[in-house]
Amino acid sequence: MIPVLGSISLSLALGLSAISIFLFSVFLKNADYRFFIAGWRGAVAISALSILATFLLLNELLISNFDISYVAHYTSIETPTFYKITALWAGQSGSLLFWLFILSVYTLIVLFQYKNSYTRLMPWVIIVLVIVQAFFLVLVNVIENPFSPTNADFVVVNGNGLNPLLQNLTMAIHPPTLYLGYVGFTIPFAFAIAALITKDTGSVWIRSIRRWTLIAWLFQSAGIILGGWWAYQELGWGGYWAWDPVENASFMPWLTGTAFLHSIIIQEKKGMLKTWNMILIMITFTLCIFGTFLTRSGVMSSVHSFAVSNLGPVFLGFIAIILLVGTYLVIDRASILKSEKRIESFTSRESGFLFNNVIFVVICFAVFWGTIFPVLSEAVQGEKITVGAPFFNQVNVPIGLLLLLFTGIGPLLAWRRTSKEALIRNFTIPILFGIAVFIACFFLGIRETTLISFPLTGFVAAAILIEFHRGTQSRSKRFNEPFFTALKTLISRNRSRYGGYIVHLGIVFMFIGFSGHAFDSELEFAMKTGEIKEFDGYKFELVSITPTERPNHIAWIAGLNIWDQENQLVTRLFPEKRVYFHKDPNPDKRQPHSELDIHSTLVKDIYTIFSGVDMEQQIAYLKIMINPLVWWVWFGGYVLIFGTMIALWPVKEH
Amino acid sequence: MNQKKIIIAVISLSFLSFAWIGYVTFNPDQENPGMVRFISLNDLSSVTESERIRLGGRISAGSIQISKQNQLECDFGLQQGELTVPVNFLGTRPDLFKDDAEVIVEGHYVNEKFVADQLQTKCASRYEGDLRDDSSYNVESI
Amino acid sequence: MNLIFLISLTSLFVILVWYIVSPILEGTTNIPEQINQDELMRKKTVLMRQIKELEMDHHIGNISNEDFIDNRNGLKNEISKLLENIN
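Residues numbered from 1 in each chain as written. Chains lettered and ligands numbered in written order. Predicted model: local features only at pLDDT ≥ 70, side-chain atom pairs only at ≥ 80, totals over all residues. Heavy atoms only, no water.

K.L.:
Just checking my understanding: could you explain the interface of chain A and chain C for this structure?
P.N.:
Where the parts come together, the accessible area they lose is often given as the size of the interface. Counting from both sides, the interface comprises 49 residues of chain A and, opposite them, 40 residues of chain C. Taking both partners together, chain A and chain C bury about 4100 Å²; carbon and sulfur atoms supply 59% of that area. Here chain A and chain C share 4 salt bridges between them. Across the salt bridge formed by Arg-497 of chain A and Asp-57 of chain C, the nearest N and O atoms sit 3.0 Å from each other. At the junction of chain A with chain C, the criterion picks out 17 residue pairs in polar contact (both at pLDDT 80 or more). A per-element tally of the side of chain A that touches chain C places helix H2 (residues 33–62) of chain A first, with 11 residues. (Contact = heavy atoms within 4.5 Å. Buried area = accessible area lost by both parts, 1.4 Å probe. Salt bridge = Lys/Arg side-chain N within 4 Å of Asp/Glu carboxyl O. Polar contact = N/O pair within 3.5 Å; in protein donor to acceptor, adjacent residues only side chain to side chain. Helix = DSSP H or I, 4+ residues; strand = E, 2+ residues; numbered from the N terminus.)

Below is the structure:
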């Protein structure tokens, strides 16, 4: 019964979306407020039904109703309850429903939060949101119904179970976090379209939109960082970012979204870059849809994607419609998007923002180009060319460093123009600090890219600290406050600005971590118990190989002692070789897995992978990597999230 | 007046960046290229020794031989339909490396033998199993 | 079982239809005055905040004196115009 109810809810919601749009069009034509309320209620009902359907599917997953194909595919009786819940987004149709679920939750918040405001804008905002909901409703109703029954002529007693790689806390949080980001960009997009249609480019809604964008951005950032963390901890190739198509898909809207967050400040304060902002938010939303498409359609072979399906044309059609309507609106409304002021000087905050925007978009294009190049080359030359990490690194390192430079310069510039005295006053210390780092790096023997990146991080960090210092000084002079009180009130009274600077600081830390990649080293070898191998200033001693049986797998645990040159014990590591489903009669169904172990410090990580075992001869095949400065990537991630939270924290009205 | 200069600067910056992207696309780093041709076994004969390429296929059953001297080195046959090419690989073998597994290898084609330094296996199919496939369930037909 | 299911389904449907249609039958045609007032208040808050941020920028030295005075006067004018319309 319940699956039927789920299907019916989804169909009802799809039907209601047409009705709701009709009611709004009556309101827009006759300005009869009753129809606005009716349409608004229709939108509430669509969201409520979609949320209901999601909970119904969740219920089926929890009670293990294997008559539903989705439940049988992604869970089994043995799957722990927690992972039965996460199975909701483990497969294609479930994750599409989950997208719709998040959009519905966001939509409900918008509906209730702004019910009595933006009277001109709101009907259109809701219409756009309902259209996006309708798109996903079509997908889950017609193409990928999560409630469709198991197609088997026997009784399914147990399901497939969830991939053990995904049975991991990080992996349970990563997809929903990223989804909250992807979906969140729908709201600023809806406002932008509504503003274009109603020709309202005022500054009031922009402030609401900045918060919404920041919320989406927070989740997108956290999702990307969590994904990298998971890859580093679980996948065992020693890195956190592989420029995999699906990783790129999440990175592209992040880039344009970040650009949008910056340039919208100029629109709010100066009334400039209106056209540009509209284009940016449309591109960001399109990239979110494109990202969902890449992840869920399997056009790109990737560790993330599911089996190839017929979602392609529908998604591409939707993207084409967004782009066509968007382009039409921007061209048609060009006159109201004119800037109120002009940029007057290179050394102005405005031009700083402009250059930073250009660089974000260029990086986004480079990533896009590399991602679709295999498809393009196959279509044009009939030859598939795969694009790997070296391409993306080679292209993006110089552009990324330029972006880092602008992160430092921008905040030091004044609005409109910066006087010579101010330039000298603001830039002297950061530049001197950058030069000092350069000299130190040079004498430490650091060369090539890192000889540029480290001084740059020094320059930017100094610039940010100076910003905090300047603000605090001005406060403590004005209100005669002690330094730390002034710093505290400075941040709490100007959350978005100083939260933003904390985010910049996080980015600086992450760049320190990225730079460490240049010094990575690795060694693969086989060793017997009792043997010692020297590598990169450490001695690795294989003490033991211990077989252990656990509920759903067997594991061989390698006991490694790691000594430094002075024969002091640095750490003990226990990487494992596991085989999941080891009792399965079919050997092809058993799944080997290497559980790695990491010793992490501020300076470097010792990363050990137990890739194979020969118990008869007591031989372990090991791969050891020394990854300097990786710790800073995660630390920078925490700082970034912390800074965003400060920026988002609501300001008390006085 | 200045606005014009700034616009020119922005345009030239983006132009430079696109030129840079194009340059990297068509002049890849020779030692560690980011762009690698994905080749079918049919076209293998036309490949020069110096070019880094990728091959995809299935490990032919029973062909895996692990070197006696170095446990990390192995030879196997890579099969694509009727065609098979001998592959030599030095490195850690992935968890799913076994007979009939689908793999992608990257390296150089030298003297009728493919010397690979990278090897990836395709993801486990267990979780995308065909519903009609009894073995993907614990099934009791009634 | 089937009957209960059918009844609950029908009632769900009826509730939905009533929920959406009822405002058309009983609501008011015009946009309530309160909404316009709220919107003006919201606008006022935003403008006040913009003035605060402007003052902040000025104190750090991110904006020149003349620009500061110009912009602040502009914002103040906007607020006083708004206040005329707020009851």
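Let us keep going from here.
K.L.:
Got a minute to help me understand the packing of helix H7 (residues 169–184) of chain A against helix H8 (residues 186–198) of chain A in this structure?
P.N.:
Packed helix pairs are specified by the crossing angle of their axes together with the interaxial distance, meaning the distance between the axes. Residue and element names in this part refer to chain A. One way to put it is that H7 packs onto H8 with a least axis distance of 5 Å and a crossing angle of 0°. Relative to H8, the element H7 is oriented roughly parallel. On H8, the residues touching Tyr-182, Val-183 and Gly-184 of H7 are Thr-186, Ile-187 and Pro-188. Its residues assigned to classes, the contact of H7 with H8 shows 4 nonpolar, 2 polar and no charged. (Axes fitted to C-alpha atoms, helices over the stretch in contact; angles between N-to-C directions. Parallel < 35°, antiparallel > 145°, perpendicular 65-115°, else oblique. Nonpolar A, V, L, I, M, F, W, Y, C, P; charged D, E, K, R; others polar.)

K.L.:
Honestly, unusual backbone geometry in this entry has me stumped. Any pointers?
P.N.:
If a residue is not glycine, its phi is most likely negative; likewise, a peptide bond is most likely trans. All names here are of chain A. The backbone of Tyr-118 sits at a positive phi, close to 50°, despite the residue not being glycine. If you trace the backbone, Tyr-118 turns up in the loop between helix H5 (92–113) and helix H6 (122–143). Classification of Tyr-118 as buried rests on a relative accessible area of 5%. For Asn-567, which is not glycine, the phi torsion reads 60° and is therefore positive. In this structure, Asn-567 sits in the loop between strand S5 (553–564) and strand S6 (569–573). (Buried < 20%, exposed > 50% of the residue type's maximum accessible area, 1.4 Å probe, protein only.)

K.L.:
Just to check I follow, could you spell out the arrangement of the chains for this structure?
P.N.:
The highest contact count of any of the 2 pairs of chains in contact belongs to chains A and B. Regarding chain B and chain C, which are not in contact, the minimum distance between any of their C-alpha atoms is 18 Å.

K.L.:
I'm lost on the environment of Lys-81 of chain C in this one. Help?
P.N.:
Residues and elements named next belong to chain C. On the secondary structure map, Lys-81 appears in helix H3 (residues 65–85). By relative accessible area, which is 58% here, Lys-81 ends up exposed. Spatially, the C-alpha atom of Lys-81 lies 10.0 Å from that of Lys-44, the residues being 37 residues apart in sequence.

K.L.:
Can you walk me through the domain arrangement of chain B in this structure?
P.N.:
According to the domain assignment, chain B consists of domain 1 (1–34) and domain 2 (37–124). If you average the C-alpha positions of domain 1 of chain B and of domain 2 of chain B, the two centres end up 37 Å apart. (Domains from an automatic or database assignment.)

K.L.:
Help me out: how do you make sense of the nonpolar core in this one?
P.N.:
Among soluble globular proteins, nonpolar side chains are generally buried collectively. Core analysis: the biggest nonpolar cluster contains 218 residues, and Met-122, Val-125, Phe-136, Phe-191, Trp-205, Ile-289 and Phe-315 of chain A have the highest contact counts within it. When residues of this core are assigned to their parent elements, the largest contribution, 17 residues, is made by H2 of chain A. Ignoring anything within four residues of it in the chain, the contact list for Met-122 of chain A reads Phe-36, Val-110, Tyr-114, Ser-117 and Phe-191 of chain A. Residues Leu-78, Val-103, Val-105 and Leu-119 of chain B belong to the second largest nonpolar core, which totals 21 residues. (Core = buried A, V, L, I, M, F, W, Y, C linked by side-chain atoms within 4.5 Å.)

K.L.:
Could you clarify how one ought to interpret the pairing of strand S9 (residues 597–600) of chain A in this entry?
P.N.:
Walk down a regular strand and you will see the side chains alternate between the two sheet faces. Residues and elements named next belong to chain A. The pairing of S9 with strand S10 (residues 604–614) spans 4 bridges and is classified as antiparallel. Within S10, the position partnered with Ile-598 by the bridge is Tyr-607. Connecting S9 to the antiparallel partner S10 that follows it, the hairpin turn spans 3 residues. (Pairing = 2+ DSSP bridges.)

K.L.:
Honestly, the sheet that holds S9 of chain A in this entry has me stumped. Any pointers?
P.N.:
In any sheet, the strands associate via hydrogen bonds between backbone groups, in a parallel or an antiparallel arrangement. Residues and elements named next belong to chain A. The antiparallel open sheet is built from 4 strands, whose spatial order is S2-S11-S10-S9. Every interior strand has two partners, whereas the edge strands, strand S2 (521–528) and S9, have only one. On average, each strand axis in the sheet is tilted by 20° relative to the strand beside it, whichever way the strands run. Sheet contacts for helix H9 (residues 204–235): S9, S10 and strand S11 (619–628); angle to S10, the most-contacted strand, approximately 45°.

K.L.:
Sorry, what's going on with the side chain of Arg-349 of chain A here?
P.N.:
Within the secondary structure layout, Arg-349 of chain A lies in helix H13 (residues 349–381). Salt bridges are absent for the buried Arg-349 of chain A, whose nearest opposite-charge side chain, Glu-467 of chain A, sits at 4.9 Å. Other than its neighbours up to four places away in sequence, Arg-349 of chain A contacts Gly-410, Pro-411, Leu-413, Ala-414, Trp-415 and Tyr-501 of chain A together with Asn-62 of chain C. (Lys, Arg positive; Asp, Glu negative; His and termini not counted.)

K.L.:
I tried to follow the pairing of strand S7 (residues 113–121) of chain B on my own but got confused; where do I start?
P.N.:
All names here are of chain B. Pairing geometry for strand S5 (residues 83–90) and S7, over 3 bridges, is parallel. Directly across from Phe-89, in S7, lies its bridge partner Ala-116. Across 8 bridges, strand S6 (residues 102–110) lies against S7 in antiparallel orientation. The residue of S7 that forms the bridge with Glu-106 is Gln-118.

K.L.:
Got a minute to help me understand the environment of Arg-342 of chain A in this structure?
P.N.:
Relative to the assigned elements, Arg-342 of chain A resides in the loop between helix H12 (312–332) and H13. The spatial distance from the C-alpha of Arg-342 of chain A to the C-alpha of Met-272 of chain A is 7.4 Å, given a sequence separation of 70 residues. Not counting residues up to four positions away in its chain, the partners in contact with Arg-342 of chain A are Met-272 of chain A together with Gln-3 of chain B.

K.L.:
What's the story with a nonpolar patch on the surface in this structure? I'm lost.
P.N.:
All names here are of chain A. There is a patch of nonpolar side chains on the surface, built from Ile-431, Leu-432, Ile-435, Phe-438, Ile-439, Phe-442 and Phe-443 and spanning about 700 Å² of accessible area. Tracing the sequence through the fold places Ile-439 in helix H15 (residues 420–443). Using a relative accessible area of 43% as the deciding quantity, one classes Ile-439 as partly exposed. (Patch = residues over 30% accessible without salt bridge, like charges linked within 9 Å, V, L, I, M, F, W, Y side chains within 5 Å. Areas by Shrake-Rupley, 256 points an atom, 1.4 Å probe, with all protein chains shown as cover.)

K.L.:
Which parts of the structure should I look at to understand the confidence of the model for chain B?
P.N.:
For residues with low pLDDT, the predicted coordinates do not support detailed interpretation. All names here are of chain B. Of all residues in chain B, 84% have pLDDT values of 70 or greater, and the mean over the chain is 78. For chain B, the element scoring lowest by mean pLDDT is strand S1 (residues 35–39), at 84; S5 scores highest, at 91. Here residues 124–142 is modelled with pLDDT under 50, and outside its nearest four sequence neighbours on either side it reaches 52 contacts, counting other chains as well. (pLDDT = per-residue confidence, 0-100.)

K.L.:
For this particular structure, what's the right way to read helix H2 (residues 33–60) of chain C?
P.N.:
Note that an α-helix has 3.6 residues per turn; residues three or four places apart therefore point the same way. All names here are of chain C. Here H2 is 28 residues long and its end C-alpha atoms lie 42 Å apart, about the 40 Å a rise of 1.5 Å per residue gives. Residues Ile-35, Gln-37, Leu-40, Val-46, Leu-47, Gln-50, Ile-51, Glu-53, Leu-54, Met-56, Asp-57 and Ile-60 constitute the buried set of H2. Of the residues flanking the end of H2, it is Gly-61, one or two places downstream, whose phi is positive at about 95°. (Expected span 1.5 Å × (residues − 1).)

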